[in-house]
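One-letter residues, chain by chain:
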Amino acid sequence: MAQDAIAYITDKYIKLTDVEKRLADYIISNYDMAVNLSVQALAENANVSPAAVVRFARQMGFEGYKAFRLFLVANRPAHEDFILDLKKERGTVETQVEKVINANIEAMRLTEESLDYSVLEKVALAFKKANQVIFFGTGTSYIVCSDSALKFQRLGKITGAYSDLHSATVAMANMTENDIFIAVSHSGQNNDTCKAAQIAKSCGINTLAVTTFSESRISSIADYVLLTKTRESPLHKIAITSRISQFAVMDSLLMACMVTDYDRCISHIDKLSKKLKLT
């Protein structure tokens, strides 16, 4: 089992029912209290039935609530940065900023530890043959896509970043099986992102997913998957550490591509630098 109970729950969050998510949300927000509650007390506090609590424990992979509760007690989070409590009365500016910075540091560490270098190498080899590399994401994931498109363009590839499904489909019509489509989604469940990846697959384009959850929809669609790791709770209404992890994975891929196609990439970067000096 995972060494961090909240991270363990969060990894399974996207496949939970609404009632199970309500329970997960309560446990994440009230961890210290929740570990001491009986089935009946937890059910009452989370506004669910006792039977739902037992089903939730089994969904988490345990025989029953007693085993799940023991797991919660034995695997308390080592960090307090998982939940960014934005209620006005809780915490000063200094404490909240410290939480954000520590959470970002932890996300970078976890992402580095979980990087699949075999996937990085395979995508880097595909990059060497590709003429075009396009990125698709919505919301804050699009910001990561836009940043990546500019960086990869500096390596001499035709790139594009899209958040609109129609525009991305038009772009894919001009791509070949040697090109690369990269979908970025924290949850891996975004409908437009998943549909765009499916279209890329149907066109025979190499498809990479950058996501947090290995069991998400986008992971089942893509040829390759690179996982981001973050302690960001599903309760967060603003993407913070998940975005930092996405940047880290994309920059790792950039470096892998440069190393794999070093001479050509360096030559193009030098050529571009000389032209930029003229501006």
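Source: prediction; values computed, not measured. Numbers given for residues are sequential positions, taken from 1 along each chain in its written order. Where totals are concerned, whole chains, interfaces and linings use all residues; where local detail is concerned, this predicted model gives features only for residues with pLDDT of at least 70, and gives and counts side-chain atom pairs only at 80 or more. Side-chain measures were taken over the full set of non-hydrogen atoms in the model, leaving aside hydrogen atoms and water.

**Examining the overall build of the protein chain**
Then comes step 1: Elements are defined by DSSP. Helices are runs of H or I of four residues or more, strands are runs of E of two residues or more, and each kind is numbered from the N terminus. Along its length, the protein chain carries 14 helices and 5 strands.
Then comes step 2: For the protein chain, the spread of C-alpha atoms along the principal axes amounts to about 70 × 45 × 30 Å.
Then comes step 3: Considering only residue pairs separated by 6 or more positions, the protein chain has 69% of its internal contacts joining residues 24 or more positions apart.
Then comes step 4: For the protein chain, the exposed area adds up to about 14,300 Å²; of that, 53% sits on carbon and sulfur atoms. Pairs of residues are marked as contacts when any of their non-hydrogen atoms sit within 4.5 Å. Surface accessibility follows the Shrake-Rupley procedure with a 1.4 Å probe radius. Residue values consider only the protein chains on display as shielding.

**Some remarks on the pattern of salt bridges**
Then comes step 1: A side-chain nitrogen of Lys or Arg and a carboxyl oxygen of Asp or Glu constitute a salt bridge if their distance falls within 4 Å. What the rule picks out here adds up to 8 salt bridges.
Then comes step 2: A salt bridge links Lys 15 to Glu 215; its shortest N-O distance comes to 3.8 Å. A residue pair is termed long-range when its members are at least 10 positions apart, and Lys 15 in the loop between helix H1 (5–11) and helix H2 (18–29) and Glu 215 in the loop between strand S4 (206–211) and helix H12 (217–221) qualify at 200 residues.
Then comes step 3: With a 1.4 Å probe rolled over the protein chains alone, any residue whose accessible area is under 20% of its type maximum counts as buried; one over 50% counts as exposed, and the rest are partly exposed. Owing to a relative accessible area of 53%, Glu 215 belongs among the exposed residues under this scheme.
Then comes step 4: Residue Glu 113 pairs with Arg 109 through a salt bridge whose shortest N-O separation is 2.6 Å. Of the two residues, Glu 113 and Arg 109 are both situated in helix H7 (residues 93–114); the distance of 4 residues between them amounts to about one turn of the helix.

**Some points on the pairing of strand S3 (residues 180–184)**
Then comes step 1: Across the 5 residues that make up S3, a large majority, 5, are buried.
Then comes step 2: Residues of S3 alternate between two faces, with Ile 180, Ile 182 and Val 184 on one and Phe 181 and Ala 183 on the opposite face, all of them buried.
Then comes step 3: Pairing between strands is defined by DSSP: at least two bridges between them are needed. Looking at chain direction, strand S1 (residues 132–136) and S3 are connected through 4 bridges and run parallel. From the neighbouring strand, Phe 136 faces S3, where its bridge partner is Ala 183.
Then comes step 4: Sheet analysis places S3 next to S4, joined by 5 bridges and oriented parallel. Bridging across to S4, Ile 180 finds its partner in Asn 206.

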